[in-house]
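Chain and residue survey
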Amino acid sequence: MSEDISLFKNGEWKRYLGFGIVSILLFYISYYLNEKEGYGRDFSFSVLAGGSLGFLMQRTRFCFFCNFKDFLIKKESTGLIGILTALAVSTIGYSIVFGAWIPDPNAGYLPPNAFISPVHIHLLLGGLAFGFGMSLSGSCISGHLYRIGEGSFSSWFALLGSGIGFILGFLSWNFIYIQWVSEANTIWIPKYLGYGLSTFLILGILFFLAVWISKKGKDPDTFR
């Protein structure tokens, strides 16, 4: 009974009410898109998946830049271990899903809608630009998105800068594609090693990185 009283006194019920309203709204939009002609279940699933991912990111305070910064400055390794764990889980799911699309990776063509792009300097330039933007704004895009939901005003300017960057990227894409991407090689590891060996290789690299980061980082108990 006392817990119920404190819940109302502290105004916590507003958070639960807001969560309930947003959840109902997301389910309604998902149902509407599923029934709407021209959209269908793909759009419906995207709404539910996006809402779930946003909830997980906000509750776990997941931010690539913040996790790397905490490790480099504070030697706190928990965030980077979480990123590596997510990569390991997605690697296993990657092999299962792509294996269902193309059972034989040596068939001579890539999985449909997989967005496996050629490897060239444009990936390095994109990574540097993204990293510089995160350092300048103090967070990655996912962090700014859930901070907007928390009421952060400055995150709007960060997303505005990201939007300008996307526009500049689209305007320069034709030049970049002709100069670098069009003749670059598309490297898909399962094509050369198969699903099993490539999955084992990636998981092995992630494992050794996790061990190295754990040894370099401090004991999580010291941050409590």
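Parameters at a glance
Residues numbered from 1 in each chain as written. Predicted model: local features only at pLDDT ≥ 70, side-chain atom pairs only at ≥ 80, totals over all residues. Heavy atoms only, no water. pLDDT = per-residue confidence, 0-100. Helix = DSSP H or I, 4+ residues; strand = E, 2+ residues; numbered from the N terminus. Core = buried A, V, L, I, M, F, W, Y, C linked by side-chain atoms within 4.5 Å. Buried < 20%, exposed > 50% of the residue type's maximum accessible area, 1.4 Å probe, protein only. Contact = heavy atoms within 4.5 Å. Salt bridge = Lys/Arg side-chain N within 4 Å of Asp/Glu carboxyl O. Axes fitted to C-alpha atoms, helices over the stretch in contact; angles between N-to-C directions. Parallel < 35°, antiparallel > 145°, perpendicular 65-115°, else oblique. Left-handed = near helix turned anticlockwise from the far one by under 90°. Nonpolar A, V, L, I, M, F, W, Y, C, P; charged D, E, K, R; others polar.

**As for the confidence of the model for the protein chain**
With 92% of its residues at a pLDDT of at least 70, the protein chain reaches an overall mean of 81. Averaged pLDDT values over the elements of the protein chain bottom out at 53 in helix H1 (residues 2-9) and peak at 91 in helix H9 (residues 189-216).

**Here's the deal with the nonpolar core**
Cys 63, Leu 80, Leu 84 and Ile 213 are the most contacted members of the largest nonpolar core, which has 16 residues in total. Of all elements in the fold, only helix H4 (64-74), helix H5 (78-101) and H9 reach the threshold of two or more residues within this core. For this core, the element with the most residues is H5, which contributes 4 residues. If sequence neighbours within four positions are ignored, Ile 213 has contacts with Phe 71, Ser 77, Leu 80, Ile 81 and Leu 84.

**Remarks on the pattern of salt bridges**
Enumeration over the complete set of coordinates arrives at 1 salt bridge. Across the pair Asp 70 and Lys 74 runs a salt bridge, and its minimum N-O distance is 3.9 Å. Within this pair, Asp 70 and its partner Lys 74 are both found in helix H4, separated by 4 residues, close to a single helical turn. For Asp 70, a relative accessible area of 18% gives the class buried. Among the residues examined, Lys 74 registers a relative accessible area of 43% and is labelled partly exposed.

**Let's talk about the packing of helix H6 (residues 121-137) against helix H8 (residues 154-181)**
At a minimum axis separation of 11 Å, H6 and H8 run at an interaxial angle of 165°. By the angle between their axes, H6 is roughly antiparallel relative to H8. Judged by the twist between their axes, the crossing of H6 over H8 is right-handed. In contact with Ile 121, His 122, Leu 125 and Ser 137 of H6, H8 contributes Ala 158, Ile 176, Trp 180 and Val 181. Counted by class, the contact of H6 with H8 contains 6 nonpolar, 2 polar and no charged residues.

**Some remarks on the side chain of Ser 77**
Mapped onto the fold, Ser 77 is located in the loop between H4 and H5. In this structure Ser 77 touches Phe 71, Ile 213, Ser 214, Gly 217 and Lys 218, once residues within four positions along its chain are discounted.

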